[in-house]
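# Coordinate analysis (summary)
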Amino acid sequence: MIYIFGVFFFWLMGEPLVEAKKQLSSAAKVLGIGGKLLSALSEPVRVLSDDIPVKLENGSVQDFNAYRVQHNDALGPFKGGIRFHPEVNLDEVKALAMWMTWKCALMNLPFGGAKGGVIVEPKKLSGRELEALSRGYVQSFGEFLGPDKDVPAPDVYTNAQVMSWMLDEFEKLKKRHSPGAFTGKPLELGGIRIRDESTGLGGFFVIEACARRFGFKPRSTSVAIQGFGNVGFNIAGFLHEAGFKVVALSDSSGAVYSKAGFSPADMMKCKTAKGKIAECYATGSGSGTAISNEELLELDVDVLIPAALSGQITSKNANDVKARLVVEMANGPLTNDADRILGEKKAVVVPDILANAGGVTGSYFEWVQNNYGYYWSYTESFERLKELMSSAVERVFSASSEKKTNLRDAAYMLAVSRVARAVELRGSL
Ligand code: GLU
């Protein structure tokens with residue numbers, strides 16, 4: 001059974017949601033947005049919740065709590081990933097959905113924002129159980145999804161295979177092909193050539209642009225990356241190739257540090273063989289050490305890239321962060337207090353809605369290609385991503401110097417004003 005909560009349904013505010021709402025209200029204050037318009041921007045349009053029953057290998061049936069939050073669709077169909085994670089909670093999904101709205105708006109994409117989540121430890125499920133869960137998600141929410149309604153994509157612990165099962169289930173329900181209903185698909189099912197790397201590549205273009213502005217030379221620039229999933233691994237690879245020194249990497253089991261730097265490809269081979277990055281400190285130069293995830297955040301590096309989960313840098317550890325440039329490749333890795341503390345220390349923070357927007361921009365390319373049934377080459381996608389990311393960076397830097405704000409406030413002003421204008425034009429208030 002699906003429960004659809006109305007717009008003003010109460011909720012308990014979890015941490016990321018509190019942070020997301022604070023960011024919106026400070027942008028709204030500067031933009032002079034209040035009253036009904038501000039309420040419309042603060043609340044999700046629709047909150048879907050269901051229990052998905054999955055028959056386990058041992059014959060028993062387990063229910064998994066699943067959500068889809070559709071935050072705002074004034075600019076186009078809702079857009080956003082689905083995460084499978086044991087710590088998913090409704091408030092976090094609401095915050096993530098709101099961040100998607102601003103991310104798509106900042107990138108000038110014709111999409112609104114949404115997010116999905118299932119409370120599950122996916123590593124504990126067999127392939128068949130994972131497939132049943134993915135199909136179950138579409139059986140629960142399929143009615144509200146589609147290329148011109150709401151287009152999901154991968155997020156934490158979901159991937160192209162999960163999208164394939166979901167697409168197949170959706171097309172069975174609708175009895176027609178509909179490749180643009182999901183993005184992040186494999187190439188064979190209408191995916192794009194730069195899919196795996198689009199988020200990391202987008203972040204790399206952002207860092208390159210910042211390095212040029214701040215006069216960082218790759219060879220003398222050290223980088224620490226928290227998280228070695230799709231995003232962390234790919235951005236590490238692009239930075240390494242461009243000559244940056246990737247001196248620290250981590251996964252949920254721990255972190256490693258080497259002054260000489262690591263080769264991300266060798267580290268991935270080692271992690272795949274040993275299961276944990278913490279056991280790979282001797283890969284490459286052989287002189288690395290194992291450190292904790294907390295220590296990684298506090299290393300004396302030039303660039304710090306949190307690419308794991310939200311709420312990693314808070315008022316508790318922000319004072320110990322030494323990086324001059326912090327690039328939010330995860331969604332919401334810094335709290336607002338941490339952001340303020342880093343600003344006081346004159347560190348530059350590139351906000352998530354800009355830094356990791358390469359992922360949804362890649363999704364946009366996929367959706368466009370699915371809609372007109374014509375597929376671009378790798379180079380074409382690469383060049384277009386570079387162009388869109390570079391112009392977004394330009395817009396944010398100019399707004400920041402014009403309004404004398406940090407990059408996050410500048411990005412929020414651009415994004416929130418675009419959505420607010422679309423809501424007003426629709427005249428639905
Ligand atoms: N999960 C990614 C994000 O948080 C991509 C979302 C999408 O492509 O819709 O931006």
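Look above for the structure.
In short, a report on the structure. These numbers were taken from a predicted model, which means no experiment stands behind them.

### Some details on the overall build of the chain
The number of helices and strands found in the chain is 14 helices and 13 strands. For 429 residues, the compact-globule estimate of 2.2 N^0.38 gives 22 Å, and the chain sits close to it at 21 Å. Its C-alpha atoms give the chain principal-axis dimensions of about 55 × 55 × 45 Å. Taken over 429 residues, the chain has a buried fraction of 58%. Long-range pairs, those at least 24 residues apart, make up 69% of the contacts in the chain with a sequence separation of at least 6. For the chain, the accessible surface area stands at approximately 17800 Å², while carbon and sulfur atoms represent 52% of it. Charge centroids of the chain, computed over 49 positive and 48 negative side chains, lie 4 Å from each other.

### Here's the deal with helix 8 (residues 264–274)
Here helix 8 has its buried residues at Pro 264, Met 267 and Cys 270. Projected down its long axis, helix 8 shows its buried positions confined to an angular sector of 120 degrees, all on one face. What points out from helix 8, more than 90 degrees from its buried face, is the exposed set Lys 269, Thr 272 and Ala 273. Check the buried side of helix 8 and you find it contacts helix 7 (230–241), strand 8 (245–251) and strand 9 (254–257). Looking one or two residues beyond helix 8, the residue adopting positive phi is Gly 275, at roughly 90 degrees.

### With respect to the site of the ligand
Close contacts around the ligand come from 13 residues, with Lys 79, Lys 103, Pro 154, Asp 155 and Ser 363 the closest. Between the ligand and Pro 154 there is a distance of 3.0 Å, counted from a nitrogen atom to a backbone nitrogen or oxygen. Separating an oxygen atom of the ligand from a side-chain N or O atom of Ser 363 is a distance of 2.5 Å. For the ligand, the protein covers 93% of the area, taking 300 Å² as the surface of the free molecule. Residue classes in the shell around the ligand are distributed as four nonpolar, five polar and four charged.

### So, the packing of aromatic side chains
The relative placement of two aromatic rings is captured by the distance of their centres and the angle of their planes. Tallied over the entire structure, the rule returns 16 aromatic pairs. Ring centres of Phe 228 and Phe 233 lie 5.6 Å apart, and the angle between their planes is 90 degrees; this geometry places the pair in the edge-to-face category. The class of Phe 228 is buried, set by a relative accessible area of 5%. Counting every residue linked through ring pairs, the aromatic cluster contains Phe 111, Tyr 364, Phe 365, Trp 367 and Trp 376. The ring of Phe 397 carries Arg 213 above its face, with NZ or CZ at 4.1 Å from the centroid.

### Quick notes on the packing of helix 1 (residues 15–31) against helix 2 (residues 35–42)
Where helix 1 contacts helix 2, the two axes come as close as 11 Å, and the packing angle between them is 150 degrees. Comparing their axes, helix 2 and helix 1 come out roughly antiparallel. Classified by chirality, the crossing of helix 2 by helix 1 is right-handed. Residues Lys 21, Leu 24 and Ala 28 of helix 1 lie in contact with helix 2, whose contacting residues are Leu 38, Leu 41 and Ser 42. Considered class by class, the residues forming the contact of helix 1 with helix 2 number four nonpolar, one polar and one charged.

### Description of the state of the cysteines
By the definition in use, this model includes one disulfide. With a sulfur-sulfur separation of 2.2 Å, Cys 270 is cross-linked through a disulfide to Cys 280. One disulfide, between Cys 270 and Cys 280, carries an S-S torsion of -95 degrees and so falls in the left-handed class. Taken as a pair, Cys 270 in helix 8 and Cys 280 in the loop between helix 8 and strand 10 (289–291) lie far apart in primary sequence, ten residues in all.

Criteria and cut-off values
Residues numbered from 1 in each chain as written. Predicted model: local features only at pLDDT ≥ 70, side-chain atom pairs only at ≥ 80, totals over all residues. Heavy atoms only, no water. Helix = DSSP H or I, 4+ residues; strand = E, 2+ residues; numbered from the N terminus. Rg over C-alpha atoms; globule rule 2.2 N^0.38 Å. Buried < 20%, exposed > 50% of the residue type's maximum accessible area, 1.4 Å probe, protein only. Contact = heavy atoms within 4.5 Å. Areas by Shrake-Rupley, 256 points an atom, 1.4 Å probe, with all protein chains shown as cover. Lys, Arg positive; Asp, Glu negative; His and termini not counted. Charge placed at Lys NZ, Arg CZ, Asp CG, Glu CD. Arc of directions from axis to C-beta. Near = heavy atom within 4 Å. Polar contact = N/O pair within 3.5 Å; in protein donor to acceptor, adjacent residues only side chain to side chain. Nonpolar A, V, L, I, M, F, W, Y, C, P; charged D, E, K, R; others polar. Phe/Tyr/Trp six-rings, centres within 6.5 Å; stacked < 30°, edge-to-face > 60°. Lys NZ or Arg CZ within 6 Å of the ring centre and 35° of its normal. Axes fitted to C-alpha atoms, helices over the stretch in contact; angles between N-to-C directions. Parallel < 35°, antiparallel > 145°, perpendicular 65-115°, else oblique. Left-handed = near helix turned anticlockwise from the far one by under 90°. Disulfide = S-S within 2.5 Å.

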